[in-house]
Amino acid sequence: MEKDNSVKTMKSAKTLKTAREAGYFGKKMLTDAIKAQEEGHPIGWSMVSWWQGDFIAKAMGMHLVYPENYGAFCAAVRQAEPYLEIADSEGFPNNLCGYARNCLGFAKCLRDNNYVIPEGAPGGGLARPVLMLASGCACDARYKWFQSLGRYLNDVPVWNLEMPQTGVKEYYLPGNKEKNLRFIVAELREFVKFMENLLKKKLDYDKLHAMLDQALKTLNLAWQVDLLRRAVPSPMVSQDFWSVMIPHFYLPDDPEAYSFYERVYAEVKEKVDNGIGAIPNEKYRMMFSELPPWHSIGFFDELAKRYGIAMVMESWNYHAPTPMAEEELHGINDPLEIIARLTYHKWMEHNTVAREFDTAPGFFNAAYLRWAQEYKADGFFAHPLLSCRPATYTLMHTRNSLEEKLKVPGVVVPGDIIDLRVFNSDEGFSKVEAFVETMDHYRELRKEAGMAW
Amino acid sequence: MGYTAGLDIGSAYSKAVILEDGELVSYYVKPTGGKFALSADLVLEEALQKVGLSLAKLRYIGACGLGVTFISETFNKVTELSCHTRGVHYLMPTVRTVIEIGNQSARVMKTTPKGKVADSIISDKCATGSGRIMHIMAKVLRTDLEDFSRLSDKATKPAKFTTNCAVFLETEAISRVAEGTPKEDIIAGLNQTLAGKISAMVHRMKIEADCVMTGGVALNAGLVSIMEKELGHKIQVPDEPMITGAIGAALITAEKAEN
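Numbering of residues starts from 1 in each chain and follows the order in which that chain's sequence is written. By the order in which they are written, chains take letters starting at A while ligands take numbers starting at 1. Restriction of local features to residues with pLDDT of at least 70 applies here, the model being predicted, together with a cutoff of 80 or more for giving and counting side-chain atom pairs; totals for whole chains, interfaces and linings are based on all residues. Think of the side-chain values as coming from all heavy atoms in the structure, minus any hydrogens and water.

A few words on the overall build of chain A. Put simply, DSSP marks the helices as runs of H or I at least four residues long and the strands as runs of E at least two long, and each gets a number from the N terminus on. Per the secondary structure count, chain A includes 20 helices and eight strands. Only C-alpha atoms enter the radius of gyration, while the globule expectation follows 2.2 Å times N to the 0.38, with N the number of residues. Compactness check: chain A gives a C-alpha radius of gyration of 22 Å against a globular reference of 22 Å for 453 residues, within 12% of the reference. Over its C-alpha atoms, taken along the principal directions, chain A stretches across nearly 70 × 65 × 40 Å. Across the 453 residues of chain A, 60% fall into the buried class. Of the accessible surface of chain A, which amounts to about 17,900 Å², a share of 51% is contributed by carbon and sulfur atoms. The sign given to each residue is positive for Lys and Arg and negative for Asp and Glu; His and the chain ends receive no count. Charge positions come from single atoms, namely NZ of Lys, CZ of Arg, CG of Asp or CD of Glu. When the 52 basic and 60 acidic side-chain charges of chain A are each reduced to a single mean position, those positions are 1 Å apart. For the exposure calls, accessible area comes from a 1.4 Å probe over protein chains only, and a residue counts as buried if that area is under 20% of its type's maximum, exposed if over 50%, partly exposed in between. All accessible areas in this document rest on Shrake-Rupley with a 1.4 Å probe, and a residue is counted as covered only by the protein chains that are shown.

Take the pattern of salt bridges next. Residues and elements named next belong to chain A. Salt bridge criterion: a side-chain nitrogen from Lys or Arg within 4 Å of a carboxyl oxygen from Asp or Glu. Going through the model one piece at a time under the given rule, you end up with 36 salt bridges over all chains. We note a salt bridge from D254 to K28, for which the minimum N-O separation is 2.6 Å. Taken together, the residues D254 in the loop between α11 (238-250) and α12 (255-273) and K28 in helix α2 (residues 23-38) connect sequence positions 226 residues apart. Side by side, D254 and K28 carry an identical accessibility label, which is buried. Counted as one network, the salt bridges with shared partners bring together K177, E328, E337 and R341.

With that settled, the discussion passes to the side chain of A:K271. Among the structural elements, A:K271 can be located in helix α12. The charged side chain of A:K271 is buried without a salt bridge, its nearest counter-charge being A:E267 at 5.6 Å.

Contacts are residue-level and defined by heavy atoms, with any inter-residue pair within 4.5 Å sufficient. In this complex, chain A contributes 16 residues to the contact, which on the side of chain B involves 15 residues. The largest share of the area that chain A buries against chain B comes from A:A434, A:E437 and A:H441, three residues that together contribute 36% of it. Inspection of the chain A/chain B interface yields three salt bridges. Residue A:E404 pairs with B:K206 through a salt bridge whose shortest N-O separation is 3.0 Å. When two parts are put together, the accessible area they lose, computed with a 1.4 Å probe and summed over both, is reported as buried area.

This brings us to the packing of aromatic side chains. Only the six-membered ring of Trp is used, alongside the rings of Phe and Tyr, when aromatic pairs are assigned; centres must lie within 6.5 Å, and planes under 30 degrees apart are stacked while those over 60 apart are edge-to-face, with the rest tilted. According to the stated counting rule, one finds 40 aromatic pairs over all chains in the structure shown. For the pair A:F299 and A:F429, a centre-to-centre distance of 4.6 Å together with 25 degrees between the ring planes defines the contact as stacked. Here the residue A:F299 occupies a position in helix α13 (residues 298-307), and A:F429 occupies one in helix α20 (residues 425-448), the gap between them amounting to 130 residues. Here A:F299 matches A:F429 in class, with each residue buried. The criterion for a charge sitting over a ring is simple: Lys NZ or Arg CZ within 6 Å of the ring centre, and within 35 degrees of the ring normal. Above the plane of the ring of A:Y258 lies A:K217, whose end atom (NZ or CZ) is 4.6 Å from the centre. In this arrangement the basic side chain of B:K50 is found over the ring face of B:Y27, its NZ or CZ atom lying 4.9 Å from the centre.

Residues and elements named next belong to chain B. Where each domain begins and ends is defined by an automated method or by a domain database. Once the domains are mapped, chain B shows domain 1 (1-92 + 240-259) and domain 2 (93-237). With 17 residues of domain 1 at the interface, the matching set in domain 2 holds 29 residues. For the pair domain 1 and domain 2, the two sides together bury roughly 1,800 Å², of which 69% comes from carbon and sulfur. If you sort the residues of domain 1 by the area they bury against domain 2, L81, M92 and P241 come out on top, with a joint share of 35%. Put simply, domain 1 and domain 2 have one salt bridge between them. A salt bridge links R107 to E80, with the shortest nitrogen-to-oxygen separation between them at 2.9 Å. Nitrogen and oxygen atoms within 3.5 Å of one another constitute a polar contact, given that in protein one can donate a hydrogen and the other can accept it, and given that sequence-neighbouring residues count only through two side-chain atoms. At the boundary of domain 1 and domain 2, one finds nine residue pairs in polar contact (both at pLDDT 80 or more). For the side of domain 1 that touches domain 2, the leading source of residues is helix α2 (residues 80-91), giving nine residues. Amino acid classes used here: Ala, Val, Leu, Ile, Met, Phe, Trp, Tyr, Cys and Pro are nonpolar; Asp, Glu, Lys and Arg are charged; the rest, including Gly, are polar. Within the side of domain 1 that touches domain 2, the residues separate by chemical class into nine nonpolar, six polar and two charged.

Dropping the structure here:
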């Protein structure tokens, strides 16, 4: 009898045609980098930095690949386990970041294969970098991740970009914003100097400016898609978003990403105009937080099928920010300052809501208080991650805040972004089945309280 | 409505109830013994026999529990959390907080005035937060679980455990036995460890109104007493705390079928 070597996945069917096409962008990043390397262009491994460093590196001719995205990709095709096991055998504890462990396992394979991508690497693999661009945003674990990669890529420099992530009260201190922006711009200037030295070429500021213009247009369009999702029934669900997000999150400066979002917008708009929901028979609208179980996105298809649950909005940090006010960019000609303002705005934009509800932090928390109302959420799906501390720190606080302040209850289903061994879908279904009763109960409470949904 | 059966096939105990027009007329509880299919058949048969009924008289069967898929009869599967809140509401309508400690996990649930799940927390996958640790300790101490409550009452100096892990708790307990610590003190110390862990869950949920403890662990009065002190709240225990899930399964199934 032949051995079945196929990998069993729990992929989502996705409801949008454009979402089913979005995988192209993930593969494009990987294959473009491999091709670029063959042509002698420099490759960078970049953490998600909320666009702080990406544009500068790209404007200088560097091709970026994103190990975090690669981790999600490996998990989605259920091929992360071999890298996790290699990381385990190298002595990295299994409660470290799943993305990091996947990347460390891959990096060891790369080194062991004399820096030629090993055959069969998912998606073609990550090309060998000349730079590792790290970020202090969001996550403490990331500080050590790229440093640890020195074990396998010891001639590759690591540059860490910083950004102040202040509390809500500090945000409103006089002069705080200007000081923070000055800090970020100074960081970027140092980074430009470093890059010019590394690549022996000057940054083309006009090119950078043009890329930024394109990126802001793409982000604006992605945000408009989010606005359409407020419709009842929801025209697009999280299962779609997790694919659709790739172009705006990683490639907003790419004109192809903009064209893609035009098509996404048109598809979603048509559904809204015709009252077509992403899932048939939408009964409950839930928000999701934080990172999803990439290996089991189909779990949410099953929730839709069994209980009529539409995941109408999800984790704030992967969404395009609201467009910046005109005065924010008026008279700003330095592209480094535009970048600083964009990244800062992304992180601080929910502080108004945080102040209104007297809650902190503004990021990782307040966005859901805003969205619960705007997206008429019945419930909150909290997904604590075994290997992601930052995503989990505030999760219970957010759950409690939503319940106390807006009578939106939450259900907690633990798992992991990468490690499918700790995700129990049956237990998840069982919890959600009971949670349906909870959402019914809170609907009645909101009605009694005269709330709008 | 006629007769409805409810089954809760747990990893440690199987339970069956028979309702006649919504009234509890019979129940039966027995250890599962690792044989889900056999014990499911047996408890149902025994519960039916107690009221002189045959299987053919049942209109519906509702079921929940870890071993639910092993039930040989046609049945309606119901989620456990809903079964427990509904079952508790049936027995004690004023209760709004349910602490259910079974062999696999501990669950804290808030119920609506109609007995539906208003909120819930389930313990981590850890034997120390469930009744499983009681079984482990009973073996170590060569004592029947039924005696835990009585022995705990006699403790003079509850043993201190330094770990929250069942594996190491077992090791520590063996050390205490070797040192000559009386089993009464070991059991009392274990009750305190378990109570501390579960009380933290209850605090997270914020206890409301009348509170009940169900599941096999509720038979351990020593633990209930420590929990009451930890929580500063009276905890009620039904006469038969293991059958609430089965009652809920029967009620929900009958309601669903009738509507």
